[in-house]
Amino acid sequence: MKRTISAMVGQGSVNHNSRKFHAKNTDPERSHLNITYCQENIKAVYHELFDEALERYNAKQTRADRRIEDYYEKIRSGKQEKPFHEIILQVGNRDDMSADSEEGQLAAAVLDEYMKGFQERNPQLRVFSAHLHMDEATPHLHIDFVPFTTGSKRGLDTRVSLKQALAAQGFKGGTRGDTEWSQWVRSEKEQLSLVMERHGIEWEDKGTHDKHLSVLDYKKEQRAKEIAVLETVKAEKKTRWRARNGGSRNWPRR
């Protein structure tokens, strides 16, 4: 049995990944088959990773305007780094690994085993949200993480940096088409292929920098737009509800 491996950058919609709402491409009747490995508050993770470094940094500042009050908000509102990154991994496709088939169950077993070694294998990528979805066409993993580096000579000595986090794990970028990210993704695919082998699946390596994922990329892009609309509608409903209820923050849970 030969199967491809798909790996792509995700949009990082934690609410969608945790199924706080369902997009059109999900089947709520199968959502109970999903697996949540972790689902932590990203701000709490930032406190865990960076509070001590932030305190050291602020203690050195002689000007009040150079102090950082909230490191998460600084990164979120800045342009140099993203607050977190997401990778989506999939074995096969909807034709040969459909989620509601025996092959799909096999794909889920492979992804589950792969996921259990992800954090140990990537110590500089702090995973805070990870989900295996079985309620879409094909089983796939969403892994959201905060990349961090230690011993930095500028800014906080422990700070957010995807490039430096991956460099600390041995991935040194070269040409534009051979970045730290592309090297790391290739390495993770190889790790996933080893798990596949243990389950009797050979990796059908296209070796084309995932150009064969153009259709999947398009579908993910369309889904991201749909999710953005859903989140906007939800926010507008919440605003209207609070206006009707005198500004109360006790938004009713469903």
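Residues numbered from 1 in each chain as written. Predicted model: local features only at pLDDT ≥ 70, side-chain atom pairs only at ≥ 80, totals over all residues. Heavy atoms only, no water.

With that out of the way, let us pick up the nonpolar core. Core analysis: the largest hydrophobic core is formed by 34 residues, its most contacted members being Ile87, Ile143, Phe145, Trp184 and Leu192. At the level of secondary structure, the elements contributing two or more residues to this core comprise β2 (5-9), β4 (85-91), α4 (102-115), β5 (125-133), β6 (140-149), α6 (162-168) and α7 (180-198). (Core = buried A, V, L, I, M, F, W, Y, C linked by side-chain atoms within 4.5 Å. Buried < 20%, exposed > 50% of the residue type's maximum accessible area, 1.4 Å probe, protein only. Helix = DSSP H or I, 4+ residues; strand = E, 2+ residues; numbered from the N terminus.)

Attention now moves to the side chain of Asp135. Within the secondary structure, Asp135 sits in the loop between β5 and β6. A distance of 3.1 Å separates the side chain of Asp135 from the side chain of Asn34, its partner in a polar contact. Once residues within four sequence positions are removed from consideration, Asp135 is found in contact with Arg19, His22, Asn25, Thr26, Asp27, Arg30, Ser31 and Asn34. (Polar contact = N/O pair within 3.5 Å; in protein donor to acceptor, adjacent residues only side chain to side chain. Contact = heavy atoms within 4.5 Å.)

Further remarks concern the packing of aromatic side chains. Applying the stated rule across the entire model yields ten aromatic pairs. Between Phe118 and Phe145 the ring centres are 6.4 Å apart and the planes differ by 40°, which places this aromatic pair in the tilted class. In this pair, Phe118 sits in helix α5 (residues 118-121) while Phe145 sits in strand β6, placing the two residues 27 residues apart along the sequence. Just as Phe118 is buried, Phe145 falls in that class too. Cluster of aromatic residues (ring-pair linked, three or more members): Tyr114, Phe118, Phe145, Trp181 and Trp184. (Phe/Tyr/Trp six-rings, centres within 6.5 Å; stacked < 30°, edge-to-face > 60°.)

Summing up the model confidence of the protein, the mean pLDDT is 86 and the portion of residues at 70 or higher is 83%. Note that residues 210-218 has pLDDT below 50 and, in this model, ten contacts with residues that lie over four places away or in other chains. (pLDDT = per-residue confidence, 0-100.)

Now for α4. Between its terminal C-alpha atoms α4 stretches 20 Å, which fits the 20 Å expected from 14 residues at 1.5 Å a residue. Considered for burial, the residues of α4 that qualify are Gly104, Ala107, Ala108, Val110, Leu111, Asp112, Tyr114 and Met115. Looking at the packing, one finds that the buried side of α4 touches β3 (35-39), β4, α5, β5, β6 and α7. (Expected span 1.5 Å × (residues − 1).)

The element β6 is extensively covered by neighbouring structure, given that ten of its ten residues are classed as buried. A two-sided burial pattern is seen for β6, the buried positions comprising His140, His142, Asp144, Val146 and Phe148 on one face and Leu141, Ile143, Phe145, Pro147 and Thr149 on the other. Where β5 meets β6, eight bridges bridge the pair, whose relative direction is antiparallel. Bridge assignment links Arg126 to a residue of β6, and that residue is Val146. One ladder, built from two bridges, connects β6 with strand β7 (residues 159-160); its direction is antiparallel. Bridge assignment links Thr149 to a residue of β7, and that residue is Arg159. (Pairing = 2+ DSSP bridges.)

With the rule as written, the count across this model stands at 14 salt bridges. One salt bridge in this structure joins Glu113 and Arg198, with 2.8 Å as the shortest N-O distance. Highlighted residues: Glu113 in helix α4 and Arg198 in helix α7, separated in sequence by 85 residues. Among the salt bridges present, the one from Arg186 reaches Asp205, with a minimum N-O distance of 2.6 Å. (Salt bridge = Lys/Arg side-chain N within 4 Å of Asp/Glu carboxyl O.)

On to α7. Over its 19 residues, α7 runs 28 Å from end to end, which matches the ideal 27 Å to within 8%, given 1.5 Å per residue. Among the residues of α7, those classed as buried are Glu180, Trp181, Gln183, Trp184, Val185, Ser187, Glu188, Lys189, Leu192, Ser193, Val195 and Met196.

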